[in-house]
Amino acid sequence: MDKLKPKVAIQGIRASFHEEAAFQYFGNEIETVECNSFKQTFEALKNREADYVVMAIENSIAGSILPNYSLLLSYNFPVVGEVYLPIQLHLLALPGVNFEDVKTVISHPIAIRQCIDFIDEYPHLKVVESNDTAACARRIREEQLTDTVAIANTLAAQLYNLEVLERRIESNKKNFTRFLILTHHENAQQVAANKASLCFQVSNEVGALAKVLNILAQEGVNMSKIQSMPVLGKRNEYNFYVDIEWSDSRNYDMAIRQILKYTHNFNILGEYLRGEE
């Protein structure tokens, strides 16, 4: 086996959107480590079964994937990059199947939600949810389902030799998912970062969070994302997950030094190069 190939853990199977995001970041020469859950991807990284994790964190339609924020803090692996992947969804079937003969549509519930306008045009179709878009495509191939179509990407169509009956059936053509790239601390390379992911808590008092946000504004650091999550077992206490961007690293350094005065349990989850949307 080529030792230069990075082992990349993903939630799902080959030809899923996670693998597509991994290809976009690393190129096609990777060894994909398939996992049943996002937690399993972190366990694979922890147990040295993988060199990297590619994990979805938010979608422009479905919003933030909240449990994954907790994984970032629990495992404390550094974020070293991000990928913005356009989500293009197609209707896949066995070669020779006509759409008129289709009775069932299978896919991941988020993919189904993103194609609901198309699905609503055909009320006779039975919609069945599954845990992975690519797994639905594979099931059609393995079970030779002639009355069923899957909603998935072109990568799945190619891998499982399926035909595209309908292209681009997603309701919002500008739909994308943001993925984070994580690795071991010793793998994290120094880069001329222009983006960081932070996590911190502030006191439960008037203006506590505003002080932090004002510091960012004063130092010319842009906050591109903020997400709050309750601290388990503690009333009125929250972790704030914040993504910030800058042009001059001196502004970032100054902002961080000042923010430390007004926060507690402060963590820099990663410093990396901003991905192209």
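Structure: above.
Here is a short report on the structure shown in this document.

Section: the sheet that holds strand β12 (residues 195-201)
- With antiparallel pairing, four strands are arranged side by side in an open sheet as β13-β14-β12-β15. The two strands at the open ends of the sheet, each matched to only one other strand, are β13 (222-230) and β15 (264-272). Each strand of the sheet is rotated relative to its neighbour by a mean of 15°, with strand direction disregarded.
- Judged from the eight bridges that link them, β13 and strand β14 (residues 238-245) form a sheet pairing that is antiparallel. Each residue of the ladder has a partner; that of Met 223, found in β14, is Ile 244.
- Lying on the sheet, helix α3 (residues 66-75) is in contact with β12, β13, β14 and β15; it crosses β13 at an angle near 95°.
- Contacts between helix α9 (residues 249-259) and the sheet are confined to β12, β14 and β15, with β15 contributing the most and set at about 165° to the helix.

Some thoughts on the packing of helix α2 (residues 38-46) against α3
- α3 packs onto α2 with a crossing angle of 20° between their chain directions and a minimal axis gap of 10 Å. With respect to each other, α2 and α3 are oriented roughly parallel. α2 and α3 meet at a crossing whose hand is right-handed. The segment α2 lies against α3, with Phe 38, Lys 39, Phe 42, Glu 43 and Lys 46 engaging Asn 68, Leu 71, Leu 72 and Tyr 75.
- Each residue belonging to the contact of α2 with α3 can be placed in one class, and the counts come to five nonpolar, one polar and three charged.

Some points on α9
- All of the buried residues in α9 are Tyr 252, Ala 255, Ile 256, Gln 258 and Ile 259. Projected onto a plane normal to the axis of α9, the buried residues spread over an arc of 165° and lie on a single side.
- Buried residues along α9 sit against β12, α8 (208-218), β14 and β15.

Digging into the pairing of strand β5 (residues 79-86)
- Summarising burial for β5: six of the eight residues are buried, a large majority.
- Pairing between β5 and strand β11 (residues 176-183): seven bridges, direction antiparallel. Pairing of Gly 81 across the sheet is with Ile 181, part of β11.

Focus: the sheet that holds strand β6 (residues 90-93)
- Read from one edge to the other, the open sheet built from five strands follows the order β8-β7-β9-β6-β10, with strand pairing classed as mixed. Bordering the open sheet on either side are β8 (126-129) and β10 (163-166), each of which pairs with just one other strand. Across the sheet, the axes of successive neighbouring strands diverge by a mean angle of 35°, strand direction being ignored.
- Pairing analysis gives three bridges linking strand β7 (residues 104-107) to strand β9 (residues 148-152), with the strands arranged parallel. Opposite Thr 104, over in β9, you have Thr 148 as the bridge partner.
- Here helix α6 (residues 133-143) sits on the sheet in contact with β6, β7 and β9, set at roughly 150° to β9.

Comments concerning the pattern of salt bridges
- Within this structure, the stated rule accounts for 14 salt bridges.
- Between Arg 168 and Glu 170 there is a salt bridge; the shortest N-O distance is 2.4 Å.
- Classification of Glu 170 as buried rests on a relative accessible area of 2%.
- Lys 195 is the salt-bridge partner of Glu 245, the closest N and O atoms lying 3.6 Å from each other. With Glu 245 in strand β14 and Lys 195 in strand β12, this residue pair connects regions lying 50 residues apart in the sequence. Here Glu 245 matches Lys 195 in class, with each residue buried.
- A network of salt bridges, in which partner residues are shared, links Glu 58, Glu 82, Arg 178, Lys 195, Lys 225, Asp 243, Glu 245 and Arg 274.

Examining the nonpolar core
- Counting 48 residues, the largest nonpolar core has Val 54, Leu 89, Ile 151 and Phe 179 as its most contacted members.
- If one sorts the elements of this core by residue count, α6 sits on top with five residues.
- Excluding its chain neighbours within four sequence positions, the residues that come into contact with Val 54 are Val 8, Ala 9, Ile 10, His 18, Ala 21, Ala 22, Phe 26, Phe 179, Leu 180 and Ile 181.
- One finds Val 33, Cys 35, Phe 42 and Ala 44 within the second-largest nonpolar core, a separate group that totals 24 residues.

Conventions used here
- Residues numbered from 1 in each chain as written.
- Predicted model: local features only at pLDDT ≥ 70, side-chain atom pairs only at ≥ 80, totals over all residues.
- Heavy atoms only, no water.
- Pairing = 2+ DSSP bridges.
- Helix = DSSP H or I, 4+ residues; strand = E, 2+ residues; numbered from the N terminus.
- Axes fitted to C-alpha atoms, helices over the stretch in contact; angles between N-to-C directions.
- Contact = heavy atoms within 4.5 Å.
- Parallel < 35°, antiparallel > 145°, perpendicular 65-115°, else oblique.
- Left-handed = near helix turned anticlockwise from the far one by under 90°.
- Nonpolar A, V, L, I, M, F, W, Y, C, P; charged D, E, K, R; others polar.
- Buried < 20%, exposed > 50% of the residue type's maximum accessible area, 1.4 Å probe, protein only.
- Arc of directions from axis to C-beta.
- Salt bridge = Lys/Arg side-chain N within 4 Å of Asp/Glu carboxyl O.
- Core = buried A, V, L, I, M, F, W, Y, C linked by side-chain atoms within 4.5 Å.

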